[in-house]
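Remarks on the overall topology
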Amino acid sequence: VPQPRVLLLDEPTTGVDPVSRREFWDTLAHLAADGLTILVATPYMDEAERCHRVALMHEGTIQEMGTPAELRAGLHAKRLELRTENLAEAERVLSQSSGPEEEILDVERFGDRLDLLVHHPEAAKHLVEEKLKSAGLAIGEVRVDEPTLENVFVAKLRSLGQVVDETPFPAHHSHQDLRGQVAIGATSITRQFGNFTAVKNLSLQVQYGEIYGLLGANGAGKTTTIRILCGLLDPTQGDVQLAGRRDMRSGTVRQRVGYMSQKFSLYDGLSIKENLTFFAGVYGVPERERNEKIQWVLSFSGLEGKQDQVTGSLPGGWKQRVAFGAAILHEPSVLFLDEPTSGVDPLARRAFWTMINRLADAGTAILVTTHYLEESEQCNRLGFMVAGELVAEGSPTEIKGKQTGHLLEVIVDQPQKAADLLKKDTEPWRISLFGDRLHVITDEDAASGEKSTKEKLESNGIRVLEMREGQFSMEDVFIGVVEKARQEGKVGAPED
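Residues numbered from 1 in each chain as written. Predicted model: local features only at pLDDT ≥ 70, side-chain atom pairs only at ≥ 80, totals over all residues. Heavy atoms only, no water.

Some details on the pairing of strand E19 (residues 431-434)
What counts is decided by this rule: Exposure classes here rest on a 1.4 Å probe applied to the protein chains alone. A residue is buried below 20% of its type maximum, exposed above 50%, and partly exposed in between. Only DSSP runs of H or I reaching four residues or more are called helices, and only runs of E reaching two or more are called strands; each is numbered from the N terminus. When DSSP locates at least two bridges between a pair of strands, those strands are taken to pair.
Residues Ile431 and Leu433 point to one face of E19 and Ser432 and Phe434 to the other, with burial holding for every one of them. Strand direction decides the pairing type here: E19 and strand E20 (residues 437-442), joined by 4 bridges, are antiparallel. Along E20, the bridge assignment pairs Ile431 with Val440. Hairpin remark: E19 followed by E20, antiparallel, with 2 residues in the connecting loop; positive phi at Gly435, about 65°.

Looking at a nonpolar patch on the surface
The line we're drawing: Any residue with relative accessible area above 30% and no salt bridge may belong to a patch, with like charges joined within 9 Å and the nonpolar Val, Leu, Ile, Met, Phe, Trp and Tyr side chains within 5 Å. Reported accessibility uses the Shrake-Rupley method at a 1.4 Å probe radius. Residues are deemed covered only where the shown protein chains occlude them. A pair is scored as a salt bridge if a Lys or Arg side-chain nitrogen falls within 4 Å of a carboxyl oxygen belonging to Asp or Glu.
There is a patch of nonpolar side chains on the surface, built from Val6, Leu8 and Leu39 and spanning about 320 Å² of accessible area. The exposure class assigned to Leu8 is exposed, which follows from its relative accessible area of 61%.

Topic: the packing of helix H4 (residues 87-95) against helix H5 (residues 121-134)
Packed helices, taken two at a time, are described by the angle their axes make and the gap between the axes. To keep it simple, the criterion reads: Lines fitted to C-alpha atoms define the axes here, with helix axes fitted over just the stretch in contact, and angles between the N-to-C directions of these axes take values from 0 to 180 degrees. The cut-offs work like this: below 35 degrees is roughly parallel, past 145 is roughly antiparallel, 65 to 115 is roughly perpendicular, and the gaps in between are oblique. A crossing counts as left-handed when the near helix is turned anticlockwise from the far one by less than a right angle, and as right-handed when that turn is clockwise. Working rule for contacts: check all heavy atoms of both residues, and any pair within 4.5 Å makes them a contact. Residues were grouped as follows: Ala, Val, Leu, Ile, Met, Phe, Trp, Tyr, Cys and Pro as nonpolar; Asp, Glu, Lys and Arg as charged; and all remaining residues, including Gly, as polar.
At their nearest, the axes of H4 and H5 sit 10 Å apart, and the two run at 120° to each other. Here H5 runs oblique to H4, going by the angle between their axes. Of the two possible hands of crossing, H4 and H5 adopt the one that is right-handed. Facing Ala90, Val93 and Leu94 of H4, the residues of H5 in contact are Val128, Lys131 and Leu132. Residues belonging to the contact of H4 with H5 are distributed by class as follows: 5 nonpolar, no polar and 1 charged.

Here's the deal with the sheet that holds strand E21 (residues 464-470)
Overall, antiparallel pairing links the 4 strands, which are arranged E19-E20-E18-E21 in an open sheet. Of all the strands in the sheet, just E19 and E21 have a single pairing partner and so form its edges. Recorded for the sheet is a direction-independent mean angle of 20° between the axes of neighbouring strands. Of the strand pairs in this sheet, strand E18 (residues 406-412) and E20 are connected by 6 bridges, and their pairing is antiparallel. Considered in E20, the bridge of Ile411 is made with Arg437. Of the strands in this sheet, E18, E20 and E21 are in contact with helix H16 (residues 446-458), which crosses E21 at around 155°.

So, unusual backbone geometry
Keep in mind that most residues, glycine aside, have a negative phi and that most peptide bonds are trans. In this structure, Ser188 is a non-glycine residue whose phi angle is positive, near 50°. Relative to the assigned elements, Ser188 resides in strand E9 (residues 182-193). Overall, Ser188 belongs to the partly exposed group, its relative accessible area being 32%. The residue Glu331 is not glycine, and still its phi comes out positive at about 55°. Looking at the element boundaries, Glu331 is found in the loop between helix H11 (316-328) and strand E14 (334-338). On the accessibility criterion, Glu331 (8% relative accessible area) is buried.

Here it is as structure tokens:
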């Protein structure tokens, strides 16, 4: 409103859905092009890609500074995307041969692949083949790509001695015998509030040992769906099954379910230990296990020795870690996580997903929502919701593979002018700006799309520095699915 010359934004998009987030960053790009200086603090590294320059901070000190391209180049590494059937075992085998001084710098597990950060791609491929073959594991597709800014940030933190907490969760109850069975099931569920239909004829199944990601813009019906699936809300029509039972509000079912809410998870007026003790009691954690598990949550959260601190005084990221710990104290066989890593930094997010994968490996069924679409690729399967309907479902690779058209990555000397120009002649969602790069989605074949795009830009005085066909990001896919659904008349509404 006051038309400032300098704008300071402290994590402005925490809790903002992907569609609104892209619109938000388009607005910032226009303001910057008009001469406004903008400083943004964010825990999301894909947002940092949209900035002209980035400073990586740790413990009050700037550790690295430069353009996103400079920071990625400074890592002197490439990223291998590796697909193999037994991800858990492959991760274990390759992690034993990884480290700052090794050929494989880092191993990160996603829903249907491993990401390896390596010095020399060809040498690393041979090493991976050798290690996995000796472990009796078959290798699928291997793809070489540039590292992400998250790779850069995590590598820098590790060089400073920061590591992901690997303290094993003190588990006493296995759910391995349930694998293959349906843990969460919905058949043609509909939920109406007066004349408004929040969920429309939705069906899905989540098995024990599976991580299922439910994605959608604000108002898509995700939170209403979760409330129905975990028994907090009855469907107007349809059938729901939870933990093998249809009487979802029985005490037996309640003891099998963990729930980390988006809006409320902890009592701010209680200390950290009081919160954990309370939830351990509510969930029926045996007395003999409580102290051990509470100590694990404090260690996982990086809050050892601070158990008497009032929970409301914790920064958002730390509170999320404690809330996650509270939700799994009783070792549920079914776990609902509603935006669990909102506002959490990259290294802590890695710790979250390491633990989520360990729980799934032990047989727990996990349904998670997130607005951070890079994170959604940690899920084994995804479901996209628009206006209460499930419009796409599959593994991250399957959903990307269903996209029509081609994605062009374009580097130009006037990125904002180029984005505005290209949006005039096509649907705006097909053009997105990432700092000095453009993503352009075309329905032509890649070569024709490159030619027509280059001609259009250069005829308007914009110099094309580099252009190549790129891979669809999950954000590109999600925005495309949502916008096409909107064109078919599907419109969401705000949720309580």
